Amino acid sequence: MAGPRLVRSSLYLLAFFLFCFSYWIHRYFGKPDLDQITYHLNFGLELARTSDPALTRRFIRWCILVPLVLLALLSYCEPRVWRAIAKIPRRFHALFYRLHKWFPQLLILGATTFWMCDVSALKYVTASFGPDYFGANYVRPGSVALVARQPKNLILIYVESLEQGYSASATFGRDLLAPLTGLHGTSFPDYEQAPGTGWTIAAMVATQCGVPLERVTIFDGNTQGEMINSFLKNATCLTDLLAEQGYHNVFMGGASTSFAGKDKFLNQHHYHEVYGREEWLKGGAMAGDMNGWGLYDADLFSRAKTKLRELSAAHQKFDLTLLTVDTHEPEGHLSDSCAKEGYAAFEGVVSCTAREVADFVRYARDKGYLDDTNIVILGDHLSRKNPLTAQLEQLPERAIFNTFISRDTPAPNRTHLLHFDLMPTILEFTGYAVPGGRMGLGYSGFNQHSVQPPKDRLAAMDKDLLNRSDKYMALWAESDD
């Protein structure tokens, strides 16, 4: 009897887990993305070690403890319900017996169906059979001969989940991004999010390599661990091209660089120096002065100023890439310094981060670094579930924040931009002509002679971009074949 009871309890527990897991994702992240879920599953316990501990605690609470409590309640109630059923007329006993016998299977079927619909699993499965959008549209960056005009140093700042909509005074009562919009940089107002770009490492890959982070997962035939270790080995990315041009590439982020394979991507693609939570701790930073992810943004930019002075003094071309964390969902991280200046709640986190980024830009400008250095500020992706999500969803359109700051910024050739466009766009902005304006899946936003992207490009990508592609898989292969 113990065997059937164990199977029955296991089915109940799995069903409760699926319901609770879906609730946990919706509550703290918004609509679930199966590509993102399967990608992160590849990192197992390493993911828990390098993420905000609050996320792990919430996962344990909702996805482990709550299912166990529900199982205990059901185990307590089920025999009592069965005894009550025994008292009803006998002609109903067979019906209730069948229902009782098959209830665990029905519950797991319902939970599985709900979960698969919730994450659009059918589209994920059928992607193996659709047309190869990637193979038909990918332009290998290594085949494009860059032409140096007046190359500048590059500072590339990724701001966690920063949307243009935060500047909507009519929605929020004031421009939450006033310090950034006050920089009067050149922007693309319609910077939209394409498939395979909606989380941080995916956004970095898309903007620097011109490709999505797609179906290289634990459900593929290849061993993901081996492929992740050689993260897009055969792709040519922004920093690979800059390194060929003599640039010294530096990455500085507040969070652990091990999270979700960032370190593997950075090291594979010619970042010569990489700094994250572990490096800050080794350098003397105190864990008690950090948030759950790592350095607060103010502390990151303080260290970035020091690194900027060092890089400028070395008289070698450089790319300094920064990645913030304070505006990370679900609630953000308000530093003590921001709180002391009167910032409060998630609105305060957004505004204070905007101020910290703008202060760094003004520092670079006031010290004369903009004479030979250009700055690109990007939201990495649209925000997910946070206290301001309801207001953002009221906006007619949602766009990712971006601004290009230079003493001689070229004129944009359109208003629309996708993540993949950033690779050729940043190169043109930095002082390199990209013949034809095409690299990866991207079209330069500054090349006045490049072909314009098709008007239905995003719709086509939504339908077919993440379909199985041999050309895409070849970018991950250990061999160079």
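Relevant structure appears above.
All of these numbers come straight from a predicted model, not from anything done at the bench. (Residues numbered from 1 in each chain as written. Predicted model: local features only at pLDDT ≥ 70, side-chain atom pairs only at ≥ 80, totals over all residues. Heavy atoms only, no water.)

Description of helix H2 (residues 34-41)
Quick reminder of the rule: We call a residue buried when its accessible area falls under 20% of the maximum for its residue type, exposed when it is over 50%, and partly exposed in between, using a 1.4 Å probe and counting protein chains only. Numbering goes from the N terminus for both helices and strands, where a helix is a DSSP run of H or I of at least four residues and a strand is a run of E of at least two.
A large share of H2 lies buried, amounting to 7 of its 8 residues. Looking only at H2, the buried set comprises Leu34, Asp35, Gln36, Ile37, Thr38, Tyr39 and His40.

Looking at a positive patch on the surface
What counts is decided by this rule: Like charges are joined within 9 Å and nonpolar side chains (Val, Leu, Ile, Met, Phe, Trp, Tyr) within 5 Å, but only among residues with over 30% relative accessible area and no salt bridge; these make up the patches. Surface exposure here means Shrake-Rupley accessible area, sampled with a 1.4 Å probe, where a residue is shielded only by the protein chains that are shown. By definition, a salt bridge exists where a carboxyl oxygen of Asp or Glu is found within 4 Å of a side-chain nitrogen of Lys or Arg. Under the convention used here, Asp and Glu are negative, Lys and Arg are positive, and both His and the chain ends fall outside the count. To locate a charge, take NZ of a lysine, CZ of an arginine, CG of an aspartate or CD of a glutamate.
A cluster of like positive charges, contributed by Arg27, Arg57, Arg61 and Lys385, occupies part of the molecular surface. Mapping Arg57 onto the fold places it in helix H4 (residues 53-85).

A short note on a nonpolar patch on the surface
Together, Ile60, Ile64, Leu65 and Leu68 make up a nonpolar patch on the protein surface, roughly 320 Å² of accessible area in all. In this structure, Ile60 sits in helix H4.

What to know about the packing of aromatic side chains
The following threshold applies: Note on ring pairs: Phe, Tyr and Trp rings are taken, using the six-membered ring of Trp, and paired if centres are within 6.5 Å. Classes follow the plane angle, with under 30 degrees stacked, over 60 edge-to-face and the rest tilted.
For the structure on display, the rule yields 28 aromatic pairs. Here Phe21 and Phe59 contribute two aromatic rings whose centre-to-centre distance is 6.3 Å and whose plane-to-plane angle is 85 degrees, an arrangement assigned as edge-to-face. Separated by 38 residues along the polypeptide, Phe21 in helix H1 (residues 2-29) and Phe59 in helix H4 bring together distant segments of the chain. Look at Phe21 and you get buried, because its relative accessible area is 12%.

Quick notes on the sheet that holds strand E5 (residues 273-275)
Keep this limit in mind: Paired strands, in this sense, are two strands between which DSSP finds at least two bridges. Note on geometry: axes are C-alpha line fits, over the in-contact stretch for helices, and angles between N-to-C directions span 0 to 180 degrees. By definition, residues are in contact when any of their heavy atoms lie within 4.5 Å.
Strand order in the open sheet formed by 6 strands is E5-E4-E6-E2-E7-E8, with mixed pairing between adjacent strands. Of all strands in the sheet, those with a lone pairing partner are E5 and strand E8 (402-405), marking the two edges. Looking at each pair of strands side by side, their axes are set apart by 10 degrees on average, direction ignored. Pairing between strand E4 (residues 248-253) and strand E6 (residues 318-323): 6 bridges, direction parallel. Note on E6: the bridge partner recorded for Met252 is Leu322. Strands in contact with helix H15 (residues 297-313) are strand E2 (153-159), E4, E5 and E6; relative to E6, the strand with the most contacts, it is inclined by about 175 degrees. Contacts from helix H17 (residues 345-366) reach E2, E6, strand E7 (373-379) and E8, with the element oriented near 170 degrees to E2.

Quick word on the side chain of Ser351
Looking at the element boundaries, Ser351 is found in helix H17. Not counting residues within four places of it along the chain, the set of residues in contact with Ser351 comprises Arg174, Leu176, Pro179 and Tyr343.

Section: empty space enclosed by the protein
So the rule is basically this: A 1.4 Å probe that fits but cannot get out identifies a cavity on a 1 Å grid over protein atoms alone, an open set with protein on both sides within 12 Å along at least five of seven lines counts as a pocket, and a residue lines either if it has an atom within 4 Å of a point. Grid points are joined across faces, edges and corners, and a volume is the space filled by probe spheres set on the points.
Counting across every chain of the model gives 1 cavity of 30 Å³ or more. In this structure, the largest cavity encloses a volume near 40 Å³. Lining the largest cavity, in full, are Tyr133, Asn137, Arg438, Leu441, Tyr443, Pro454, Arg457 and Met461. Secondary-structure elements contributing two or more residues to the lining of the largest cavity are helix H7 (133-137) and helix H20 (457-464).

Considering the nonpolar core
Quick reminder of the rule: What is meant by a nonpolar core is a set of buried Ala, Val, Leu, Ile, Met, Phe, Trp, Tyr and Cys residues, joined one to another through side-chain atoms within 4.5 Å.
By size, the foremost hydrophobic cluster in this structure holds 89 residues, and its most contacted members are Ile201, Val211, Leu213 and Phe231. In contact with Ile201, other than residues within four places in its own chain, are Tyr39, Leu213, Phe231, Ala260, Lys262 and Phe265. Counting residues in hydrophobic clusters, the runner-up holds 42 residues, among them Ile155, Tyr166, Leu177 and Ala354.

A few points about the packing of H15 against H17
Put simply, the rule is: Here the angle decides the label: under 35 degrees means roughly parallel, over 145 means roughly antiparallel, 65 to 115 means roughly perpendicular, and every other value means oblique. Each helix crossing is assigned a hand: it is left-handed if the near helix lies turned anticlockwise from the far helix by less than a right angle, otherwise right-handed if that turn is clockwise. Classes in brief: Ala, Val, Leu, Ile, Met, Phe, Trp, Tyr, Cys and Pro nonpolar; Asp, Glu, Lys and Arg charged; the others, Gly included, polar.
In the contact formed by H15 and H17, the axes pass within 10 Å of each other and the chain directions differ by 15 degrees. If you check the angle between H15 and H17, you find them roughly parallel. Read as a crossing pair, H15 and H17 show a hand that is right-handed. Across from Asp297, Ala298, Phe301, Ala304, Lys305, Leu308 and Arg309 in H15, the residues of H17 making contact are Thr353, Glu356, Val357, Phe360, Tyr363 and Ala364. Split into classes, the residues belonging to the contact of H15 with H17 amount to 8 nonpolar, 1 polar and 4 charged.

Quick notes on the state of the cysteines
Cut-off, in case you're wondering: Here, the term disulfide refers to a pair of cysteine sulfur atoms separated by no more than 2.5 Å.
Within this structure, the stated rule accounts for 2 disulfides. Covalent S-S linkage joins Cys338 and Cys352, the inter-sulfur distance amounting to 1.9 Å. On the sign convention where negative is left-handed, the bridge of Cys338 and Cys352, at about -80 degrees about the S-S bond, is left-handed. You can see Cys338 sitting in helix H16 (residues 336-340) and its partner Cys352 sitting in helix H17, a full 14 residues away along the chain. Taking the relative accessible area as the measure of exposure, Cys338 reaches 3% and is therefore buried. For Cys352, a relative accessible area of 1% gives the class buried. Look at the protein chain and number its bonded cysteines as they come in the sequence; the links are 1-2, 3-4.

Here we look at unusual backbone geometry
In this chain, Glu329 is followed by Pro330 through a cis amide linkage whose omega measures 5 degrees. The residue Pro330 is located in the loop between E6 and H16 in this model. The phi dihedral of Ser161 is positive, around 55 degrees, even though this residue is not glycine. In this structure Ser161 comes out as buried when scored by relative accessible area, which is 3%. With a phi angle near 65 degrees, His270 is a residue other than glycine that sits in the positive phi range. Along the polypeptide, His270 turns up in the loop between helix H13 (262-268) and E5.

As for the environment of Asp118
Just so we agree on the cut-off: We define a polar contact as two N or O atoms separated by no more than 3.5 Å, with the added condition that, inside protein, one atom must be a possible hydrogen donor and the other a possible acceptor, whereas residues neighbouring each other in sequence contribute only through side-chain atom pairs.
Looking at the secondary structure, you find Asp118 in helix H5 (residues 93-118). It is 31 Å that separates the C-alpha atoms of Asp118 and Ser167, two residues lying 49 residues apart in sequence. With residues up to four places along the chain from it excluded, the contact list for Asp118 reads Ser22, His26, Lys31 and Pro32. Reaching out from Asp118, the side chain makes a polar contact with the side chain of Ser22 at a distance of 2.6 Å.

Side note on the pattern of salt bridges
Taken as a whole and judged by the stated rule, the model has 14 salt bridges. Where Lys307 meets Glu273, a salt bridge forms, and the shortest distance between an N and an O atom there is 2.8 Å. Of this pair, Lys307 sits in helix H15 while Glu273 sits in strand E5, and the two are 34 residues apart along the sequence. Taking the relative accessible area as the measure of exposure, Lys307 reaches 10% and is therefore buried. Note that Arg407 is salt-bridged to Asp371, the shortest N-O span being 2.9 Å. One end of the pair, Arg407, is in the loop between E8 and strand E9 (416-417); the other, Asp371, is in the loop between H17 and E7, with 36 residues separating them in the sequence. Like Asp371, Arg407 is exposed. In this structure, a network of salt bridges that share partners links the residues Glu341, Arg355, Glu356, Asp359 and Arg362.

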